[in-house]
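An overview of the molecular structure
Chain by chain, the residues:
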Amino acid sequence: MINIEIDGKPVSVPKGGTIMDGAKQLGVYIPHFCYHKKLSIAANCRMCLVQVEKAPKPLPACATPVMDGMKVFTHTEQAVTAQKGVMEFLLINHPLDCPICDQGGECQLQDLAVGYGASGSRYAEAKRVVANKNLGSLISTDMTRCIHCTRCVRFGQEIAGIMELGMAGRGEHVEILSFVGKTVDSELSGNMIDLCPVGALVSKPFRYSARTWELSRRKSISPHCGLGSNLIVQVKQNRVMRVLPRENEEVNECWLSDKDRFSYEGLNSDDRLTKPMIKRNGEWIECNWQDALAFLVTGLKKVKEKNGDKSIGALASPHSTLEELYLLQKLMRSMGSENIDHRLRQSDFRADSQLQGVPWLGVRLAQVSNLKSVLVIGSTLRKDHPLIAQRLRQAVKKGMQLNLVNPVDDDLLTKVANQIVVAPNAIVRSLAEILKAAIEVKGVECAVELKQMLSITGSSDTAHAIASSLANNNPAAIFLGNIAQHHPQYSDIHLLANTIAQVTGASFGFLGEAANSVGAYIAGAVPTGSVIDKTHPVELAGLNAAQMLISGSDSSKGSCQAFIFMNVEPEFDTYNPQQTLRTLRSAEFVVSLSSYKGNALQYADVLLPIAPFTETSGTFISTEGRIQSFNGVVSPLGDTRPAWKVLRVMGNLFDFDGFDYETSEQVYADIFSNGTATVDAYLNNNLGSLDIALNEVEEDSIQRIGEVPIYQADPIVRRAESLQLTSDAAEPLAWMSSDLLTKLNICAGDYVKIKQGDGEAQLRVACDNHLPDNCVRVAAAHPNTATLGAMFGEVLVEKL
């Protein structure tokens, strides 16, 4: 530590620290524009000039390293004169358009001009004008206002991982611009708006819609990814107008993904369901809540009497709150049915009987930055988990080794130490090779059954390198992504990854798909006899999501005749939408609790308008096991009601005990009424014994790789207009390697017919030579591909 003095106050600053660091410790404000605590030092705005004893001229506080005994003065005549001189130069070319600038009221330049600017300008010449740039559907530009702090440039290089903006020219001709003809397409691009200290970069969806002083600011939690990012939701006249990050170093730091930031547009969609609707004699009619609930109860009772208790199933999205999921499972179990699940895109449930706890991240999120080696299995990491990918990029800069086993080779915008890119049906064999190599590297003994299974497996150089990376770098971690969790051999992948972690000493966990992926287990939204935790045995009692959605005519497999959906659009949110819709069309009664009409009019019998996360209170338990509660920020739209209240009333109408809650806090208290003080008691990724199937990889069949696009992940995001105009939301293509294109006599740009099961889709072809042989990458959860079947499996490709 180095001792210095700022404005007569002593302070100790770590070696290598700057004057700005010391001033922040003391609470002394030094004006600045280009400095930001998360970005590198640029020192190009010069607004933070301060006087340093024995220095011949003022020095920039952000870039001047501290030295023992240094005395700094921030408000002396010399310092203030220097700061005022800088401000005068900044304002020479700056337009006087504060009354029409969206940044007005929250502009750093505006604030500092009050303290350091003159009442008039000595500059009489014509001001410089800079042409605006088209940066895409999310960021609007007024580049004449730019003061060239380069925060946006540094953010792209250092945080987003890609240089999408740069600075060209010299002197007063300098400009911030994108590469020729390019827009800003990073999944973190909206953070540039927050970083811009002036009105040069502003939110295009929010522009000209409200003034900052008209907005109420309310705290909330994002439901869109497993992180549970902390939000500030800004409201005007009971309408969400803008979403900004709420700083939390342990979760989202000071950043937000674009999905969290701009998805609020979907809350105000024209597709919002605002009144209950029931289908009578094939006709949809709007009605009041009493009639809708009476119709619902009568319909479910008829199915129950005709087909038995177990003929009713419930499927809920993990984007729902803890309280909603708990009451839904409580309602189902009160009916006598254990058919409840939230794992809508999961296809392999063999591991359920062996789970020893709730699958979670395996480490605290803040510890990810300190890992020395990471293996990510089956994940489109940047798009599924933008802020976790950002943390991993920062860790790689500090020396972490990033290893991948994946069916796709997306650019993670960082250095990758080792990677294995294989077809989906070869992932299990690749993990077996890594396990075999890890056992050799660590020199440990393994069970006889495991040794026999590994005896038929080779071990490539890359597999050995990944095993060595995990074994020789501590701490290390293994993460299963969304592709791995949706995989038809998910249980095998889970067990192998778990075993690799045990052999190498790495932690093991899951990159949760939604904000309540962990909370859904704890709420009991799984088909087991009890909530899963370390102290309770797991008893399989009900049907999982895949079993429930088997066609209703196949009663030998125990399919359901009535369904309750909550926050689910089954044609997009299930593993096999083709089979799902077939089942729903043959079902006797379907209830949809949703914020949107969507396509539910085609298959449902009752539509109940429930509140999205901004209109209700509740709790999310993130992928790291963090409990985060929130309140509604606006009143429910129309006749919309919070889902937990709807489920409570349904329980009352069925005359079930234990549905007398008056607040969501009472529901939360009931969930943890067994005396469990923390979520930690539930968290455990381990599996018991499970037979692993090392199938021979079929060389001839064409395999589908079906990932969920970033802006098709949930109903709210799907309706955010600005996000749907981005490059990430472009219509899906059929991606294939050039070898497969040659084999099929197809050229990039041609249209092909993809056949899977009873469905087909017509898509344009694109070439990606990083894909494995005999694989076609076709996105799921999209209207253009919803007619296809399972996200993974064999497909037929025909040229049109």
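Basis of the calculations
Residues numbered from 1 in each chain as written. Predicted model: local features only at pLDDT ≥ 70, side-chain atom pairs only at ≥ 80, totals over all residues. Heavy atoms only, no water. Helix = DSSP H or I, 4+ residues; strand = E, 2+ residues; numbered from the N terminus. Expected span 1.5 Å × (residues − 1). Buried < 20%, exposed > 50% of the residue type's maximum accessible area, 1.4 Å probe, protein only. Contact = heavy atoms within 4.5 Å. Salt bridge = Lys/Arg side-chain N within 4 Å of Asp/Glu carboxyl O. Phe/Tyr/Trp six-rings, centres within 6.5 Å; stacked < 30°, edge-to-face > 60°. Domains from an automatic or database assignment. Buried area = accessible area lost by both parts, 1.4 Å probe. Polar contact = N/O pair within 3.5 Å; in protein donor to acceptor, adjacent residues only side chain to side chain. Core = buried A, V, L, I, M, F, W, Y, C linked by side-chain atoms within 4.5 Å. pLDDT = per-residue confidence, 0-100. UniProt positions renumbered as here; feature names shortened; annotations may be inferred. Axes fitted to C-alpha atoms, helices over the stretch in contact; angles between N-to-C directions. Parallel < 35°, antiparallel > 145°, perpendicular 65-115°, else oblique. Left-handed = near helix turned anticlockwise from the far one by under 90°. Nonpolar A, V, L, I, M, F, W, Y, C, P; charged D, E, K, R; others polar. Pairing = 2+ DSSP bridges.

Quick notes on helix α2 (residues 77-92)
- In this model α2 runs 22 Å from its N-terminal to its C-terminal C-alpha over 16 residues, within 8% of the 22 Å that 1.5 Å per residue would give.
- Considered for burial, the residues of α2 that qualify are Ala 79, Ala 82, Gln 83, Val 86, Met 87, Leu 90 and Ile 92.
- Buried residues belonging to α2 abut β3 (49-52), β5 (71-73) and α3 (108-116).

With respect to the pattern of salt bridges
- Tallied over the full model, the rule gives 39 salt bridges.
- For Lys 383, the salt bridge goes to Glu 187, with nearest N and O atoms at 3.1 Å. On the criterion of sequence distance, the pair formed by Lys 383 in helix α9 (residues 381-384) and Glu 187 in the loop between β8 (175-178) and α5 (191-195) is long-range, its members being 196 residues apart.
- Judged by its relative accessible area of 18%, Lys 383 falls in the buried class.
- Residue Lys 753 pairs with Glu 760 through a salt bridge whose shortest N-O separation is 3.8 Å.
- The class of Glu 760 is partly exposed, set by a relative accessible area of 38%.

Things to note about the packing of aromatic side chains
- For the structure shown, the criterion picks out ten aromatic pairs.
- Judged by centre distance (6.0 Å) and plane angle (45°), the ring pair of Phe 295 and Phe 589 falls under tilted. With a gap of 294 residues between them, Phe 295 in helix α7 (residues 289-307) and Phe 589 in strand β23 (residues 589-594) connect regions that are remote in the sequence.
- Phe 589 sits in the buried class, given a relative accessible area of 6%.
- Considering the side-chain rings of Phe 620 and Phe 630, the 5.0 Å spacing of their centres and the 35° angle between planes classify their relative orientation as tilted. Taken as a pair, Phe 620 in strand β25 (residues 618-621) and Phe 630 in strand β26 (residues 627-630) lie far apart in primary sequence, ten residues in all.
- What links up through ring pairs into an aromatic cluster is the set Tyr 490, Phe 508 and Phe 510.

Some words on the domain arrangement of the protein chain
- By domain assignment, the protein chain separates into domain 1 (277-347 + 516-679), domain 2 (365-510) and domain 3 (703-799).
- Computed from C-alpha coordinates alone, the two centres of domain 1 and domain 2 are separated by 34 Å.
- Counting from both sides, the interface comprises six residues of domain 1 and, opposite them, seven residues of domain 2.
- With both sides pooled, the region where domain 1 packs onto domain 2 buries about 540 Å², and carbon together with sulfur makes up 45% of that total.
- The interface formed by domain 1 and domain 2 holds zero salt bridges in total.
- Between domain 1 and domain 2 we count four residue pairs in polar contact (both at pLDDT 80 or more) in total.

Section: the nonpolar core
- Core analysis: the largest hydrophobic core is formed by 170 residues, its most contacted members being Ile 377, Ile 478, Ile 564 and Leu 608.
- Element by element, the count of residues in this core is highest for helix α11 (residues 427-442), at nine residues.
- Among residues more than four places away in sequence, those in contact with Ile 377 are Val 405, Ile 427, Leu 431, Ile 478, Phe 479, Leu 480, Gly 481, Ala 484, Ile 493 and Ala 497.

Re the confidence of the model for the protein chain
- Residues of the protein chain with pLDDT of at least 70 account for 96%, and the chain-wide mean is 91.
- The lowest-confidence element of the protein chain is helix α12 (residues 448-454), averaging 75 in pLDDT; the highest-confidence one is strand β17 (residues 373-377), averaging 97.
- Below a pLDDT of 50 lies the segment residues 533-537, which in the model reaches eleven contacts outside its immediate sequence neighbourhood of four places, other chains included.
- Note that pLDDT drops below 50 for residues 553-557; the model gives that stretch three contacts with residues more than four away or on any other chain.

What about the UniProt feature "domain: 4Fe-4S Mo/W bis-MGD-type" (unreviewed entry) in the protein chain?
- If you check UniProt for "domain: 4Fe-4S Mo/W bis-MGD-type" (unreviewed entry), the listed places come out as residues 215-271 in our numbering.
- With 9% helix and 35% strand, residues 215-271 has its two end C-alpha atoms placed 25 Å apart.

Remarks on the packing of helix α8 (residues 322-335) against helix α20 (residues 643-653)
- The N-to-C vectors of α8 and α20 enclose an angle of 20°; their axes lie 9 Å apart at closest approach. In this view, α8 runs roughly parallel relative to α20, as classed from their interaxial angle. Seen from above, α8 lies across α20 with left-handed handedness. Touching Glu 324, Leu 327, Leu 328 and Leu 331 of α8 are Ala 643, Trp 644, Leu 647, Arg 648, Met 650 and Gly 651, all from α20.
- Residues that form the contact of α8 with α20 fall into these classes: seven nonpolar, one polar and two charged.

Side note on the UniProt feature "domain: 4Fe-4S His(Cys)3-ligated-type" (unreviewed entry) in the protein chain
- The UniProt record marks residues 78-117 with the feature "domain: 4Fe-4S His(Cys)3-ligated-type" (unreviewed entry), using the residue numbering of this structure.
- Annotation note: span residues 78-117, helix share 60%, strand share 0%, distance between end C-alpha atoms 16 Å.

Considerations on the pairing of β26
- Residue alternation in β26 divides its side chains into a buried set, Gln 628 and Phe 630, and an unburied set, Ile 627 and Ser 629.
- Relative to β26, β25 runs antiparallel, the two sharing four bridges. Across the sheet, the residue bridging to Gly 618 is Phe 630, located in β26.
- What sits between the antiparallel neighbours β25 and β26 is a turn of five residues, in which Gly 625 has the positive phi angle 80°.

What to know about the sheet that holds β17
- Pairing within the open sheet is parallel, and its five strands lie in the order β19-β18-β17-β20-β21. The sheet is open, and its two borders are formed by β19 (418-421) and β21 (507-510), each paired with just one other strand. Strand after strand, the sheet turns through a mean of 15° between neighbouring axes, direction not considered.
- With five bridges connecting them, β17 and strand β20 (residues 476-480) associate as parallel partners. Directly across from Val 376, in β20, lies its bridge partner Phe 479.
- Where α11 meets the sheet, it contacts β17, β18 (401-406) and β19, and its direction lies at approximately 140° from that of β18.

Looking at the pairing of β23
- Within β23, six of the six residues are buried, leaving the element largely enclosed by the surrounding structure.
- Alternating residues of β23 divide into Phe 589, Val 591 and Leu 593 and Val 590, Ser 592 and Ser 594, and every residue in both groups is buried.
- By the bridge criterion, five bridges tie strand β22 (residues 562-566) to β23 in an arrangement that is parallel. Residue pairing in the sheet places Met 566 in a bridge with Leu 593 of β23.

Side note on the environment of Ile 377
- Tracing the backbone through its elements, the reader meets Ile 377 in strand β17.
- Residues Ile 377 and Leu 387 lie ten residues apart in sequence; the distance between their C-alpha atoms is 17 Å.

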